[in-house]
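As a plain string of letters, each chain reads:
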Amino acid sequence: MKRSYIFLILLLGIFLRLWAFFHNYGINPDATLYLYQTWALAKGNFSLLKICAISSRIKEINLFSVSIVPFFYIFKNLEIAGKCVSFIASSLSLCFLYFILKRYFKGLVLYLTLLIYAIHPILIKESSEILRESLFSFYFLIGLWSFLKGLEVSNKWKGFYLMFSSITWILSAWIRIEGLFFVIFSGIYLFGKLLFTSDKKEALKNLFWFLILPLIGFILGLIYLSYFKGFIITEWLSKAKITNPFTQPYRKVLKTFEYKNIPAPSPYFWDMVRQNLWLIALGTTLFYKFIPALYAPNLIFLLAGFKNLKNNLKKHQFLFYFLSFSIFYIIILWFFAFTHWYMEKRYMLPLIYLLSPFLGLGIENLINWFKEKFSNLSYQKIVTIVCLYIVIFSLPKSMASIRKRKLGIKKIGVEIAKYLPKNIENVCETTRCESLIFTSKCEIIFFAGNAKGFMMCPKFINSKFYYWLSQRPEKFIKYIKNKNYKFVVLEERYLKRNLNIVKEKLIKEGYKFLKEEKIISGKLVLLGKI
């Protein structure tokens, strides 16, 4: 009976991820970079990465792109191949989360905790995205499971599990650099146990097996950099130097705002902003992104999980590792937000998984609270109420269509593909096809190529430049004529009232109206010389 519950929950989680797979009607713009890497790898033509110099990152082959290649060979479609990697990674992550949680929870509390993650809207959405985070979280959970397993066993397998966890986390760093922090934190944790535990021999053994491979890799890396790449240690250290976020140049700019005629609620407003930038970044991390990433209805379980935290930390030693790791990861996310002033919910995925034991404790505490307050309710009825709460708030959100209002982007790309010449792939392999499609949306370029069975360099027009041209219709026309674009995508978002003016003038210049689509940001009008 217990196995059937677990099986049904896992099956529900996989079904919802499969549902999202078929109901995500677009791709994230960042996906085009990794798919172009996949295309270059699949073709065995690395010169494509040099030709398509859209970003310095495009030459840095990512494990995510490598993982897509086998699926591209199977399906011959980059979009499907990319989604397959995220779908499989997210589904397997659910399985490894179960392997972790079953160590600490039993029965209905375990099932309800797993249910939260099985139908978690953010996890399900990311499982359908062609982005790194689902695969990154998968490697994180494998490493976490192996690390915890290595600490528990006392036989000959200890060394294997601890070394496997460090290797897995190093591989995760090939997906996102934050993976190195998994190794660093866990190494510090094991070193702390060595200092404070009475069983020094066991703690030293754990530390040795966990760090042996990363240390060997680090030493070999230093040797390689020093002797083969010409770096000396001081240069290497200067490249590893972390910029102090409290000395950001725009703090000085904000100081001048006090003396400018800029509307503010108080004469001290800009000075307070300047002094509290770190707090703004923290608020962005915790409230603006973390709560939506955790999913607000689940916050009640997290808060309830911190009840009697001190006693639980004494009772369950594993909790200290999860708690300190969570705080450490929040600091990393805060530092990123403070230095880049950018944050996405998907960056929170490892943190969401790290907090799973506290959600489990929260469910346990809530059930106990219900039993105390409503003694007339049976245990089964209380569990049913909690289960319904999770399902009612999460399931509809999990089954919502993704990017349906942006479907027009894909339709425009597919329409362009109808008019592309047969030899276009050969042409784009030697050039970037820069004068082919005028658009600020790299997804359109991707869908046009993907519909023809290949991929063009997703070189798009910068949105700021597009907007600048949009305010100057004559220069807009002149720029397109000089570059001799074959297809032009007019975007209402930027052109606004100038859209029809530019459209009519381009038609007079020999362009034909091909298609019009409505997306969330406004109309897209496709013109082409055919």
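This text goes with the structure placed above it.
Residues numbered from 1 in each chain as written. Predicted model: local features only at pLDDT ≥ 70, side-chain atom pairs only at ≥ 80, totals over all residues. Heavy atoms only, no water.

Enquirer: Even after reading the chapter, I still don't get the pattern of salt bridges, so can you show me in this structure?
Expert: It is possible for side chains of opposite charge to pair when their charged atoms get near one another. Here the structure, examined in full by the defined rule, presents 16 salt bridges. Where Lys158 meets Glu202, a salt bridge forms, and the shortest distance between an N and an O atom there is 2.9 Å. Linking Lys158 in helix H9 (residues 157-173) with Glu202 in helix H11 (residues 200-228), this pair joins segments that are 44 residues apart in sequence. Of the residues examined, Glu202 reaches a relative accessible area of 22% and is grouped as partly exposed. The partner of Lys418 in a salt bridge is Glu415, with the nearest N and O atoms 3.2 Å apart. A cluster of three or more residues bridged by salt bridges with shared partners is formed by Asp30, Glu133, Arg176, Glu178, Glu344 and Arg346. (Salt bridge = Lys/Arg side-chain N within 4 Å of Asp/Glu carboxyl O. Helix = DSSP H or I, 4+ residues; strand = E, 2+ residues; numbered from the N terminus. Buried < 20%, exposed > 50% of the residue type's maximum accessible area, 1.4 Å probe, protein only.)

Enquirer: Explain the packing of helix H22 (residues 407-417) against helix H24 (residues 442-451) here, please?
Expert: Axes are the key here: two packed helices are described by the angle between their axes and the distance separating the axes. At a closest axis distance of 7 Å, the pairing of H22 and H24 adopts a crossing angle of 45 degrees. With respect to H24, the element H22 is oriented oblique. Read as a crossing pair, H22 and H24 show a hand that is right-handed. In this structure, H22 uses Ile409, Lys410, Ile412, Gly413, Val414, Ile416 and Ala417 to contact H24, whose residues at the interface are Glu443, Ile444, Phe447, Ala448 and Ala451. The residue inventory of the contact of H22 with H24, partitioned by class, reads 9 nonpolar, 1 polar and 2 charged. (Axes fitted to C-alpha atoms, helices over the stretch in contact; angles between N-to-C directions. Parallel < 35°, antiparallel > 145°, perpendicular 65-115°, else oblique. Left-handed = near helix turned anticlockwise from the far one by under 90°. Contact = heavy atoms within 4.5 Å. Nonpolar A, V, L, I, M, F, W, Y, C, P; charged D, E, K, R; others polar.)

Enquirer: Would you take a moment to explain H9 for this structure?
Expert: Side chains that are three or four residues apart share a direction in an α-helix, a result of its 3.6 residues per turn. The end-to-end C-alpha distance of H9, which contains 17 residues, comes to 25 Å, matching closely the 24 Å that a straight helix rising 1.5 Å per residue would cover. By the burial criterion, the buried members of H9 are Lys158, Gly159, Tyr161, Leu162, Ser165, Ser166, Thr168, Trp169, Ser172 and Ala173. (Expected span 1.5 Å × (residues − 1).)

Enquirer: Explain helix H10 (residues 179-196) here, please?
Expert: Between its terminal C-alpha atoms H10 stretches 26 Å, which fits the 26 Å expected from 18 residues at 1.5 Å a residue. The complete set of buried residues in H10 reads Gly179, Phe182, Val183, Phe185, Ser186, Gly187, Tyr189, Leu190, Gly192 and Leu194.

So yeah, pure geometry; function would need other evidence.
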